[in-house]
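# Breakdown of the fold
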Amino acid sequence: MKSILKKVLVIVGVLVVLLVIGGFAYMNFSKPQYSGSLELKYISQETTTYFDTYGIPHIYAQNQEDAYTTLGYVHAQDRLWQMELMRRIAPGRLSEILGKDLLKTDTFFVHLGIEEASKKAIDNLDKNSDAYKLSMAYLNGVNQFIDDGSTPIEFTLVGVEKEHYELKDVYNIFGYMAFSFAMAQKTDPMLSAIQEKLGIEYLKDLDVEPTSNCTLIHNSNPDIKAVEALSTDIASITNKLPIPAFIGSNSWVVAPQKTKSGSVLFANDPHIGYAQPAVWYEAHIATPDYEMYGYHLAGVPFPLLGHNRDYAYGLTMFENDDIDFYQETNHPSNANKYKTSEGYVDYSMVSKTIKVKDDEPVVVEVKSSHHGPIMNGIQDEISQEAPIALSWVYTKHDIKVLEAVYKLSHAKSMSDAKEGASLIHAPGLNVMYGDAKGNVAWWAAGLLYKFNEDVNPKFILDGASGNHEPIEYINFKENPMAENPEWHYVYSANNQPDSIANMLYPGYYLPEDRAKRIVHLLERTKKWDKEGFSKMINDNTSAVIPSNVKALTKALNYNSLTKNQQRAMDMLQLWEGDNNIDDIAPTIYQRFVFRYLENTFKDELGEELFNQLLKTHLIKRSIALQINNETSVWWDDVTTDAKEQMSDIVNKSFIEAVTALETEMGADIINWKWGKVHTLEHPHALGAVESLKPYFNVGPFEVGGTEEVIDNKAFDFNNSGLYPVKAGPSTRRIIDFSDVENSISILPTGQSGNPFSKHYDDQAEMYNKGEFRKMLLNKDEIVKSSTLLEIKPKQ
């Protein structure tokens, strides 16, 4: 018996050892290759790629096509799964690999027409252009990794077959990016429903100029419900995406007159939803005629952010309005026709098939007017009697975004960079620029347009009359911009730009908080250096919260409060607006603000519209406006017989907030630290499976920052008392043209999307602490601190 047991134990031991060895071998085989040698087709000469301490490739080649082929290969070995998700969004192919939970998301995106717009753009692309040739070289590199490289573990776990990349995938990724920048799809239907449900007076404190001419929904309950449902559904659909959205950004560029060195300083931190892997892939390319240190989206050959020894460019979101909704009028006896200013015409109809994992394919009928797709089809419950079309600048005009990004990344002068910016019609972007010659500039890129004065495009428009169509498209020369201004800096924080073409351009701009703080700091300091910029880009002090606290606490009855409530009020009044991990006031303030928001707005709006309002930029802009209006119509609680005043709602909200904090965090206020409730976790798409979360997600971490400070850490307003961070700086980068080889940056997690790579999360702690690493340009320094991957032409 003992001998049998011994044999069994030996066999089990051998199996365990083999399993460990097999697992170890699989991990090593699956890791990205950062050293050694390999052969690639389609390169003409040997290239050398040095991977630095943080896994960033520095590619040295004799020509650009070889460099971009190499870039495609190394990008894919670190980010192929991310590329796969990115390219599947626009054509509606997520359900094919992730199942029926993504069916509505796919249905929504196939309605948008991005894929068709991509095909048209490719048909019009000059196939002899460098932009085309280098893009194809990049795709050749990606596809060679697909053919010859290891299969990322996510493909194995999900059961996805690898497919070659095509140029349409690059354009589809651009299309998703353009859509994720927009806010109108979440806001316009909601505002129309609020105006019809409550009346014009209720819109004034939402920082919206109401109008009686722009919404076509008149006293029809089914139609109001249709619009409410459309707003809710769009929000829920986009929330399910496994790839983060682009939400905002900061950038400022200071001219030599305001720097200690007499050279330009450049800072940029685009704000994007957190995910693992992080959004940007850094790569440095050097050839005899070209050099660029760039930040690439997954699957995109040219960097959206970049710098070299001569110039730097970056992006923030313009937040202009480039999506409009039109209510169409069906023919009274034929639902396949709709009314125009010239009579009734046929809707166009297209059938599309969505493949669904472990289920039958679903056929979607996309109905479109001349304005765009009818969005009612994405939600069965929406009344088809009130068809609503989505008109989007991106799909209605020529797409030249590939040429634009190529031009930005290959500029020889400021005028070249400006020309690149002018090619972007959508999404709306602020292109930031600085160079070694001392120039600083900002250009608002995007195709802007005008309506008649009585038309407000923030509401659903009349599709039948022809009176609500754009009447003029504005020339790029009239877009907001500043070049070498007399105040010696340019900046952007997604705030409203000055008037252009004799008008304030409509959009969904963020509140003044970050912009006000940036200007305050830039004006206060006469001479800047890199160290000052590195502190500023991590600044978490709100320029607006102290005034909000003053307005709210003024309405509190101090003597009626308990001792703990009085102590909490004292802490708020002494607070200077900082949001550090150990601060207590931010915890009290955010709890207080949500109770105020819910007690003020929810009774009139109802559950669905209130939740939608919380997810828009409008609510952020409205807080400061509304709390300073003691006669606001929103103060009254319509569910009671009394007529509530501001003091009633504010006192009730504050008491509720403190009571909730006492219950959740204990009676001792000293324990109400911000870091305990404000946390950051970087979610991987497979982290949605609880058992896989520890292996793929990064975090959680206690973090400082908050909504609408320079270190913008965005979260959803909620009543839980917990504020998991959803979005924030996707990188922090500072370029100093007096010492460009020592410019600095950081990523939120790491360079690699491969969980077996040591660069999967090796920057996370540094990022949370506000630290930086160098963006290496000096070849000698790179060679000394890197591993070498030699790449030779494949015979």
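Being a predicted model, the structure only gives us computed values, none of them experimental.

### Comments concerning the sheet that holds strand E15 (residues 388-392)
Ordered by their spatial adjacency, three strands build an open sheet running E15-E10-E19, and the pairing between neighbours is mixed. A single partner strand is all that each edge strand has here, and the edge strands are E15 and strand E19 (461-462). Pairing of strand E10 (residues 323-327) with E15, which is carried by five bridges, proceeds in the antiparallel orientation. If you follow Phe325 over to E15, its bridge partner there is Leu390.

### Quick look at the confidence of the model for the protein chain
Note: predicted coordinates in regions of low pLDDT should not be interpreted at a detailed level. Averaged over all residues, the pLDDT of the protein chain is 90; the fraction at 70 or higher stands at 90%. Segment residues 210-222 is flagged for pLDDT under 50; beyond a separation of four residues in sequence, or across chains, it makes 39 contacts in the model.

### Quick notes on the sheet that holds strand E7 (residues 290-296)
With respect to topology, eleven strands assemble into an open sheet ordered E1-E29-E2-E3-E6-E7-E8-E9-E16-E17-E21, the strand pairing being mixed. Here the strands that pair on one side only, and so sit at the sheet edges, are strand E1 (36-40) and strand E21 (481-483). With direction set aside, neighbouring strand axes in the sheet form an average angle of 20°. Both strand E6 (residues 281-287) and E7 contribute to a ladder of seven bridges, which runs antiparallel.

### Quick look at the packing of aromatic side chains
Under the criterion given, the structure shown has 35 aromatic pairs. When the ring of Tyr596 is compared with that of Phe601, the centres are 6.4 Å apart and the planes differ by 70°; the resulting orientation is edge-to-face. No difference in accessibility class separates Tyr596 from Phe601, as the two residues are buried. Every member of this aromatic cluster is reached through a ring pair, and the members are Phe108, Phe109, Tyr176, Phe179, Trp392 and Tyr394. A cation sits over an aromatic face here: Lys127 above Tyr132, 6.0 Å from the ring centre.

### Brief notes about the environment of Thr329
Relative to the helices and strands, Thr329 resides in the loop between E10 and strand E11 (337-340). Residue class for Thr329 comes out partly exposed when judged on its relative accessible area of 34%. Separated by 134 residues in sequence, Thr329 and Gly463 have C-alpha atoms that sit 7.3 Å apart.

### Brief notes about the side chain of Ser249
Along the chain, the position of Ser249 falls in strand E4 (residues 246-254). A polar side-chain atom of Ser249 sits 3.3 Å from the main-chain amide nitrogen of His271. Beyond its immediate sequence surroundings of up to four residues, Ser249 is in contact with Asp269, Pro270, His271, Leu315, Thr316, Met317, Ser492, Ala493, Asn494 and Arg514.

### Some details on helix H8 (residues 167-181)
Helix length check: H8, at 15 residues, gives a terminal C-alpha distance of 22 Å against a target of 21 Å (1.5 Å per residue), a fit within 8%. Of all 15 residues in H8, 14 are buried; the element is thus mostly enclosed.

### Digging into the pattern of salt bridges
Across all of its chains, the model carries 33 salt bridges by this definition. In this structure, Arg93 engages Glu163 in a salt bridge whose closest nitrogen and oxygen atoms are separated by 3.1 Å. Residue Arg93 is located in the loop between helix H2 (64-89) and helix H3 (95-98), and its partner Glu163 is located in the loop between helix H7 (153-158) and H8; the two are separated by 70 residues in the primary sequence. Glu163 gets classed as partly exposed once you look at its relative accessible area, which sits at 29%. Close ionic contact of Glu472 with Lys450 constitutes a salt bridge, the shortest N to O distance being 4.0 Å. Taken together, the positions of Glu472 in strand E20 (residues 472-473) and Lys450 in strand E18 (residues 449-450) put the pair 22 residues apart, joining distant regions of the chain.

### Some thoughts on the side chain of Glu598
Tracing the chain through its elements places Glu598 in helix H18 (residues 585-614). A polar side-chain atom of Glu598 sits 2.5 Å from a polar atom in the side chain of Arg595. Setting aside its immediate chain neighbours within four residues, Glu598 contacts Asp603 and Phe610.

### Observations regarding the environment of Pro32
Within the secondary structure, Pro32 sits in the loop between helix H1 (2-30) and E1. C-alpha separation for the pair Pro32 and Ser752, spaced 720 residues apart in sequence, amounts to 8.5 Å. Apart from residues no more than four positions distant in its own chain, Pro32 is found in contact with Gln77, Asp78, Ser752, Asn754 and Ser757.

### So, helix H4 (residues 103-112)
In terms of burial, H4 is a largely internal element, eight of the ten residues being buried. For H4, the set of buried residues is Thr105, Asp106, Thr107, Phe108, Phe109, Val110, His111 and Leu112. One or two steps after H4, the chain reaches Gly113, where phi turns positive at roughly 80°.

### So, unusual backbone geometry
Look at the link from Gln276 to Pro277: it is a cis peptide, with omega at 5°. Following the sequence through the fold, Pro277 ends up in the loop between strand E5 (265-273) and E6. The omega torsion of the bond from Gly699 to Pro700 falls at 10°, within 30 degrees of zero and hence cis. By secondary structure assignment, the location of Pro700 is in strand E24 (residues 698-702).

Reading the values: the criteria
Residues numbered from 1 in each chain as written. Predicted model: local features only at pLDDT ≥ 70, side-chain atom pairs only at ≥ 80, totals over all residues. Heavy atoms only, no water. Pairing = 2+ DSSP bridges. Helix = DSSP H or I, 4+ residues; strand = E, 2+ residues; numbered from the N terminus. pLDDT = per-residue confidence, 0-100. Contact = heavy atoms within 4.5 Å. Axes fitted to C-alpha atoms, helices over the stretch in contact; angles between N-to-C directions. Phe/Tyr/Trp six-rings, centres within 6.5 Å; stacked < 30°, edge-to-face > 60°. Buried < 20%, exposed > 50% of the residue type's maximum accessible area, 1.4 Å probe, protein only. Lys NZ or Arg CZ within 6 Å of the ring centre and 35° of its normal. Polar contact = N/O pair within 3.5 Å; in protein donor to acceptor, adjacent residues only side chain to side chain. Expected span 1.5 Å × (residues − 1). Salt bridge = Lys/Arg side-chain N within 4 Å of Asp/Glu carboxyl O.

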